Amino acid sequence: MEIKARAPGKIILAGEHAVVHGSTAVAASFDLFTLCSLRFHSDSGEAYMNWVDLGLLEMVIGRYPFYIMGRWVCYERFLLWMGVFVELAYNGENDDTLNLSLKSVGLEFSWSVGRIREALSHLGGPFLSTPTSCSTEAVRCIAALVEEQNFPEAKIGLATGVSAFLWLYTSIQGFKPATVVVTSDLPVGAGLGSSAAFCVSLTATLLAYSDSVSLDKNQQGWLAYGDSDLDLLNKWAFEGEKIIHGKPSGLDNTVSTYGM
Ligand SMILES: Nc1ncnc2c1ncn2[C@@H]1O[C@H](COP(=O)(O)OP(=O)(O)OP(=O)(O)O)[C@@H](O)[C@H]1O
Ligand SMILES: C[C@@](O)(CCO)CC(=O)[O-]
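What you see is a predicted model; the values in this text were computed from it and never measured.

Asks: For this particular structure, what's the right way to read the pairing of strand β6 (residues 107-112)?
Replies: In summary, the side chains of a regular strand alternate between the two faces of the sheet. Residues of β6 alternate between two faces, with L107, F109 and W111 buried on one and E108, S110 and S112 left unburied on the opposite face. As paired elements, strand β5 (residues 97-102) and β6 share 6 bridges and run antiparallel to each other. In the sheet register, N99 faces β6, and the bridge partner there is S110. Between β5 and the antiparallel strand that follows it, β6, lie 4 residues; G106 among them carries a positive phi value of about 65°.

Asks: Honestly, the site of ligand 2 in this entry has me stumped. Any pointers?
Replies: Near ligand 2, the surroundings consist of K10, I12, E16, H17, V19, V20, P248, S249 and D252. In this structure, K10 approaches ligand 2 through a side-chain N or O atom, which is 3.2 Å from an oxygen atom. Residue classes in the shell around ligand 2 are distributed as 4 nonpolar, 2 polar and 3 charged.

Asks: Would you take a moment to explain the packing of helix α3 (residues 113-120) against helix α4 (residues 136-147) for this structure?
Replies: Each pair of packed helices gets described by two things: the angle between the helix axes and the distance between those axes. Remark: α3 packs on α4, axes separated minimally by 9 Å, with the N-to-C direction vectors making an angle of 155°. With respect to α4, the element α3 is oriented roughly antiparallel. Pair α3 / α4 crosses with right-handed handedness. Here R115, I116, A119 and L120 of α3 come into contact with α4, specifically with C141, I142 and L145. Of the residues that constitute the contact of α3 with α4, the class distribution is 6 nonpolar, no polar and 1 charged.

Asks: Help me understand the sheet that holds strand β7 (residues 178-184), please; the structure alone is not making it clear to me.
Replies: Pairing between the strands of a sheet comes from backbone hydrogen bonds, and it takes one of two forms, parallel or antiparallel. Sheet architecture is open: 5 strands sit in the order β1-β2-β7-β5-β6, paired in mixed fashion. With one partner strand each, in any of the chains shown, β1 (2-14) and β6 form the two edges of the open sheet. Put simply, the sheet's adjacent strands are angled 15° from each other on average, direction ignored. As paired elements, strand β2 (residues 26-40) and β7 share 7 bridges and run antiparallel to each other. Of the residues in β7, the one forming a bridge with R39 is T179. Strands in contact with helix α6 (residues 194-208) are β1, β2, β5 and β7; relative to β1, the strand with the most contacts, it is inclined by about 150°.

Asks: Honestly, the site of ligand 1 in this entry has me stumped. Any pointers?
Replies: Every one of the 21 residues lining ligand 1 counts as a neighbour, but K10, G189, G193, S194 and H245 are closest to it. Residue T160 places a side-chain N or O atom 3.1 Å away from an oxygen atom belonging to ligand 1. The contact in question runs from an oxygen atom of ligand 1 to an N or O atom on the side chain of S194, over 2.7 Å. Against a free-state accessible area of 630 Å², the protein chains account for coverage of 87% of ligand 1.

Asks: Sorry if this is basic, but what is going on with the pattern of salt bridges here?
Replies: Pairing between side chains of opposite charge can happen when the charged atoms of each approach one another. According to the stated counting rule, one finds 6 salt bridges in the structure shown. Between R115 and E148 there is a salt bridge whose closest N-O contact spans 2.6 Å. Residue R115 is found in helix α3, and its partner E148 is found in the loop between α4 and α5 (159-173); the two are separated by 33 residues along the sequence. Residue classification places R115 among the partly exposed positions, given a relative accessible area of 26%. Residue E148 is classed as partly exposed on the basis of its relative accessible area, which comes to 41%. A salt bridge links K242 to E239, with the nearest nitrogen and oxygen atoms 3.1 Å apart. With K242 and E239 both in helix α7 (residues 227-245), this residue pair falls 3 residues apart, about one helical turn.

Asks: Just checking my understanding: could you explain a nonpolar patch on the surface for this structure?
Replies: A cluster of nonpolar side chains, I11, L13 and V26, forms an exposed patch at the surface whose accessible area comes to about 270 Å². Residue position: V26 is located in strand β2. The partly exposed category is assigned to V26, whose relative accessible area is 46%.

Asks: Sorry, what's going on with α5 here?
Replies: Here α5 contains 15 residues, and its C-alpha end-to-end distance of 21 Å stays within 8% of the 21 Å for a straight helix at 1.5 Å per residue. In terms of burial, α5 is largely enclosed, as 14 of its 15 residues are buried. Among the residues trailing α5, G174 stands out with phi positive, at a value near 80°.

Cut-offs used in this document
Residues take numbers from 1 onward in each chain, read along the sequence in its written order. Following the order in which they are written, the chains are lettered starting with A and the ligands numbered starting with 1. Reporting of local features is limited, given that this is a predicted model, to residues whose pLDDT is at least 70; pairs of side-chain atoms are given and counted only at 80 or more, and all residues count toward the totals for whole chains, interfaces and linings. Only hydrogens and water are removed before side-chain values are computed, so all heavy atoms of the structure are retained for them. Classification of residues uses two cut-offs on accessible area relative to the type maximum, computed with a 1.4 Å probe and protein chains only: under 20% is buried, over 50% is exposed, and between them is partly exposed. Labels follow the DSSP assignment, with helices taken as runs of H or I lasting at least four residues and strands as runs of E lasting at least two, numbered in each case from the N terminus. Between any two strands, at least two bridges found by DSSP are needed for them to pair. Here a residue counts as near a molecule or strand whenever at least one of its heavy atoms sits within 4 Å of it. A 3.5 Å cut-off defines polar contacts: any pair of N or O atoms within that distance qualifies, except that in protein one atom must be a possible hydrogen donor and the other a possible acceptor, and neighbouring residues in sequence count only when both atoms are side-chain atoms. Gly counts as polar in this scheme, as do all residues outside two lists: the nonpolar Ala, Val, Leu, Ile, Met, Phe, Trp, Tyr, Cys and Pro, and the charged Asp, Glu, Lys and Arg. To get an axis, fit a line to the C-alpha atoms, keeping to the stretch in contact for a helix; angles then go from 0 to 180 degrees between the N-to-C directions. Should an angle fall under 35 degrees it is called roughly parallel, over 145 degrees roughly antiparallel, and 65 to 115 degrees roughly perpendicular, with every other angle called oblique. Each crossing is labelled by how the near helix is turned from the far one, with a counterclockwise turn of less than a right angle marking it left-handed and a clockwise turn marking it right-handed. Contacts are assigned to residue pairs with any non-hydrogen atoms lying within 4.5 Å of each other. For the area figures, the Shrake-Rupley method with a 1.4 Å probe applies, and any residue is considered shielded solely by the protein chains shown. The salt bridge criterion pairs a side-chain nitrogen of Lys or Arg with a carboxyl oxygen of Asp or Glu, the two atoms within 4 Å. Candidates for patches are residues over 30% relative accessible area with no salt bridge; among them, like charges are joined within 9 Å and nonpolar side chains (Val, Leu, Ile, Met, Phe, Trp, Tyr) within 5 Å. Expected span of a helix: the number of residues minus one, times 1.5 Å.

Okay, here's the thing in C-alpha cells:
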C-alpha cells in the first residue's frame, strides 16, 4: 500500500521574523502544497520470502531423486525456481534499503537499513506518540549518515531537510525498508514555509501508517486528520522544523498542519 499526504505552504501577513522572538504574527496557508508518498517494501516482500523459503526447501528435497505420482521431482523444482526468478525480477525494489527521492530539488538518497540501525538504534526510538527532540548526539549520528551519501556541494543547504527526514522517519517508524518520494509546488527558501510543508507532509504519511492516529483508510480521496491527531502531527513536524531552522517559532508548522 502507498500512502500520500500533502501539506500547504504559508504566508505571513504581519509579524514576519519578529514572531521568532515571541511577537504576534498574522499568517495563512495557501494552495501550494508539498506532497509526500510512502511505501514500505515489506508490502510485497512477503511473497518474495515465501518463494525463497520454498526454493531453499526444494533445494534440500531436490537432492534426493524420487517419483511423485509418476513424475520426477526435478520437474517441480524447475517450476519452483522459475517462480523464484520471476518474483526476484518483480521485487527489484524489495531490498533492505530506505530510499528518499526529493523530486523537486533533484536529489536521491539510499541507505541500508542495517547501517541506519547501527548508527541510530542506541538513541532509544521509535518514540511515535511522544514527539522527541533530536539530541546533540542524534544530530551527530545523523550527520554521519548524510555525509556518507556524497551530498552535492551545490545543494548542501538542503542537507538539513535530509537530516530532519532521517530523524522523523526513524523516530516514528523505526528501521523499516521503504521508499519515500517528495514533490513540491513551493519554492525553497522564499519565505513560503517550504520546510514546514516538507515536515508536515512527511510526518503525516509516517503517522498514517501507525496505530497512533485514526484514519478511515477505506474512504476515497483525501482524508483529514482529527483534532487530537493534528496535535501529534504538529508536534512532530515542529521537531523536524527545529532540525532545519534551529529555533523556529512554530508558526510555520502550525499553519501548515491546521491550514487548508
Ligand atoms: N521539497 C523539499 N525537499 C527537500 N527539502 C526541503 C523541501 N522543501 C524544503 N526543504 C528543506 O527546507 C529548507 C528550506 O527552509 P527555509 O526555512 O530556508 O525556507 P522556507 O521554509 O521555504 O522559508 P520560510 O521558513 O522563511 O518560510 C531546505 O534547505 C530543505 O532543507
Ligand atoms: C516565521 C519563520 O518563517 C521565520 C521567518 O523569518 C519561521 C519561524 O516562525 O520560526
